Amino acid sequence: MTTIDENGITANTFMIGGFLTFSHADFDYQTALTKSIIFLEAQRSGKLPANHRPSWLGDSAMEDGKLASVDLVGGYYDAGDNVKYGYSLAFTVTMLSWAAIAYRSEIQAAGEYKKLCDSILWGTDYLLKASDQRNVLYVQVGDPVKDHECWMRPENMKTPRTVLKLDAQTPGIEIVAETSAALASASIVFHHIDLSYALRIINRAEKHDIFYPLALFKFANTHIGSYHGECPFYYSNSGYNDELLWAATWLYKATGGSSYMDYIQNEAVSASVSEFSLDLKYAGAQIILSDYYFNGNKELVHFKEQADSFRFDKRFFVFRFNCNCIWTGGLINMRDGANSQYVTSAPFLFSAYSDILTKHKQNVACGDKQISPSQFFDFSSFFISFSRKHHCSHLYIDYLLGKNPRGMSYMVGFGSKWPKQAYHRGSSVPKLALHAKVNCPMSFVHWYNANSDNPNELTGAIVGGQNKQDFFEDKRSNLAMTEPTTYINSFAIGVLAKLAKLHATS
């Protein structure tokens with residue numbers, strides 16, 4: 001049955017297990033995919049290539065690392081500020097790599113595979129620099145406090161570019177393990193493109209006789225100490241066990257090394273969780289390990305069972321969120337600030353698992369019903385949640401793209417209505433002369449607090465999103481709602497590519 005809503009968006013309805021569900025709305029997912037990657041390019045730091053996008057972006061932070069006598073030029077600004085955080089940067093690379101691995105053909109069909117690989121390469125080149133010294137990892141460039149005192153585009157910033165590093169005296173397992181996962185996952189991507197580069201990442205670096213990711217993993221697993229406290233703005237509330245499992249999983253996937261599987265089966269700590277995010281990565285590792293379970297490694301049954309507990313409650317086939325977390329319009333709200341990462345991360349895991357089910361010809365038990373992989377994927381863009389009062393069924397990706405009570409896209413530049421005041425320095429400050437005088441106090445008067453549209457469109461950025469009442473304030477001062485991040489977009493890319501291909505062939 002086909003339905004048409006008040007905005008003219010078409011959707012097909014069908015029945016699964018006695019419940020009415022909705023297929024994907026008629027959005028241009030390929031354009032959304034393209035724009036998602038453009039946003040990643042807008043977050044680049046360093047010397048930009050000649051063909052860079054968007055055109056308003058220029059070279060920046062060309063002396064990063066100088067204060068520590070190292071080269072840390074490049075990498076990404078992860079959000080709307082001008083500090084480079086290794087933790088979020090590495091996780092972005094890992095998720096982009098997973099998308100490139102799992103949805104290579106779909107992304108190629110959309111004509112975006114090279115651009116995606118370039119985005120991964122931009123991150124790995126920086127991570128190789130940051131991990132160039134044995135048992136040392138540079139994890140931050142820029143002073144977050146000083147940065148927050150000056151609202152300036154990165155090309156013109158005058159704030160200190162201080163450097164934070166981890167070593168044996170100041171360990172930080174979470175970020176070291178995440179960097180290991182990033183390099184390992186990226187090596188799989190580049191194995192098909194540039195074998196020598198892939199080998200450089202996973203095997204030997206130019207000045208070392210040790211494995212880069214292996215050395216990082218050993219460093220993380222030997223120098224016990226949390227990243228919490230080493231950085232005042234990014235730390236892991238969930239501890240470091242999820243990152244160690246996550247890193248070991250990617251290292252095994254990249255190398256097949258038995259030592260990693262031994263660690264996973266005999267030493268790793270795991271847990272049943274209800275989210276997948278920058279801070280909590282158990283579910284991602286469990287989904288990947290479920291593939292090896294279906295391939296015959298029954299020792300991994302514990303991880304598959306934990307992955308099941310993330311995916312659904314077996315009575316209702318529902319996502320494991322309390323309905324108190326459901327927005328009025330149907331979307332889940334886990335917490336303020338970058339909430340859209342939960343909206344984009346869970347569909348990616350549902351999609352990835354549906355592919356694993358298809359490969360192994362497995363169905364999903366839902367009470368006395370059997371759900372096929374294709375039916376299961378129809379849940380990858382939305383989750384069915386129940387309360388005593390109502391049955392909520394919403395397409396999450398479509399919700400972000402405009403199928404929501406406000407009729408508004410939360411991806412900048414997509415659709416006819418989107419946020420115009422994203423919390424983002426480069427987007428909100430107009431182009432200035434290279435050596436323009438910077439007055440930090442007045443920068444907030446001129447640009448941060450100005451009630452006007454950003455002069456530079458931050459194409460493809462998915463902003464933080466609404467609150468539980470579906471209220472959204474399009475003001476850059478409300479950073480919980482209007483700030484985008486690289487990792488929010490990194491979750492969305494794989495699902496958008498899959499939807500684009502399905503939409504093109506339907």
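As shown above, the structure is provided for reference.
Now for a quick tour of the structure.

Definitions and cut-offs
- Residues numbered from 1 in each chain as written.
- Predicted model: local features only at pLDDT ≥ 70, side-chain atom pairs only at ≥ 80, totals over all residues.
- Heavy atoms only, no water.
- Helix = DSSP H or I, 4+ residues; strand = E, 2+ residues; numbered from the N terminus.
- Expected span 1.5 Å × (residues − 1).
- Buried < 20%, exposed > 50% of the residue type's maximum accessible area, 1.4 Å probe, protein only.
- Contact = heavy atoms within 4.5 Å.
- Pairing = 2+ DSSP bridges.
- 1 Å grid on protein atoms, 1.4 Å probe; cavity = no way out; pocket = protein on both sides within 12 Å on 5 of 7 lines; lining within 4 Å.
- Points joined across faces, edges and corners; volume = space filled by probe spheres on them.
- Nonpolar A, V, L, I, M, F, W, Y, C, P; charged D, E, K, R; others polar.
- Salt bridge = Lys/Arg side-chain N within 4 Å of Asp/Glu carboxyl O.
- Disulfide = S-S within 2.5 Å.

**A few points about helix α1 (residues 29–42)**
Phase 1: Taking 1.5 Å per residue, 14 residues should reach 20 Å; α1 reaches 20 Å between its end C-alpha atoms and fits that length.
Phase 2: Of all the 14 residues making up α1, eleven are buried; the element is thus mostly covered by neighbouring parts of the structure.
Phase 3: Every buried residue belonging to α1 is among Y29, A32, L33, K35, S36, I37, I38, F39, L40, E41 and A42, and all of these are buried.
Phase 4: Buried residues belonging to α1 abut α2 (86–102), α4 (113–130), α15 (396–401) and α19 (486–505).

**Examining the environment of I288**
Phase 1: Take I288: it is sitting in helix α11 (residues 282–294).
Phase 2: Overall, I288 belongs to the buried group, its relative accessible area being 5%.
Phase 3: Distance in space between the C-alpha atoms of I288 and A352 is 8.6 Å, their sequence separation being 64 residues.
Phase 4: In contact with I288, other than residues within four places in its own chain, are W98, W246, T249, W250 and K253.

**Remarks on the sheet that holds strand β4 (residues 84–85)**
Phase 1: Ordered by their spatial adjacency, three strands build an open sheet running β4-β5-β6, and the pairing between neighbours is antiparallel. Among the strands making up the open sheet, the edge pair consists of β4 and β6 (163–166).
Phase 2: Both strand β5 (residues 137–141) and β6 contribute to a ladder of four bridges, which runs antiparallel. Within β6, the residue paired with L137 across the bridge is L166.

**With respect to empty space enclosed by the protein**
Phase 1: Taken as a whole and judged by the stated rule, the model has three cavities of 30 Å³ or more.
Phase 2: Looking at the lining of the second largest cavity residue by residue, the class counts come to six nonpolar, five polar and one charged.

**Focus: the pattern of salt bridges**
Phase 1: Under the defined criterion, the tally for this structure stands at 16 salt bridges.
Phase 2: As a salt-bridge pair, R425 and D147 come within 3.6 Å of each other at their nearest N and O atoms. Of this pair, R425 sits in helix α16 (residues 425–428) while D147 sits in helix α5 (residues 144–147); the two residues are 278 residues apart in sequence, bridging distant segments of the chain. Each member of the pair R425 and D147 is classed as buried.
Phase 3: Among the salt bridges present, the one from D355 reaches K498, with a minimum N-O distance of 2.5 Å. Of this pair, D355 sits in helix α13 (residues 340–359) while K498 sits in helix α19, and the two are 143 residues apart along the sequence.
Phase 4: Given a relative accessible area of 26%, D355 falls into the partly exposed group.
Phase 5: Exposure remark for K498: the relative accessible area of 10% places this residue in the buried category.

**Thoughts on the state of the cysteines**
Phase 1: In this structure the tally under the stated criterion is one disulfide.
Phase 2: Residue C150 pairs covalently with C440 via a disulfide, S to S 2.1 Å. Where C150 bonds to C440 through sulfur, the torsion about that S-S bond is close to -85 degrees, and the disulfide is left-handed. Here C440 lies in helix α17 (residues 440–448) and C150 lies in the loop between α5 and β6, a separation of 290 residues in the sequence.

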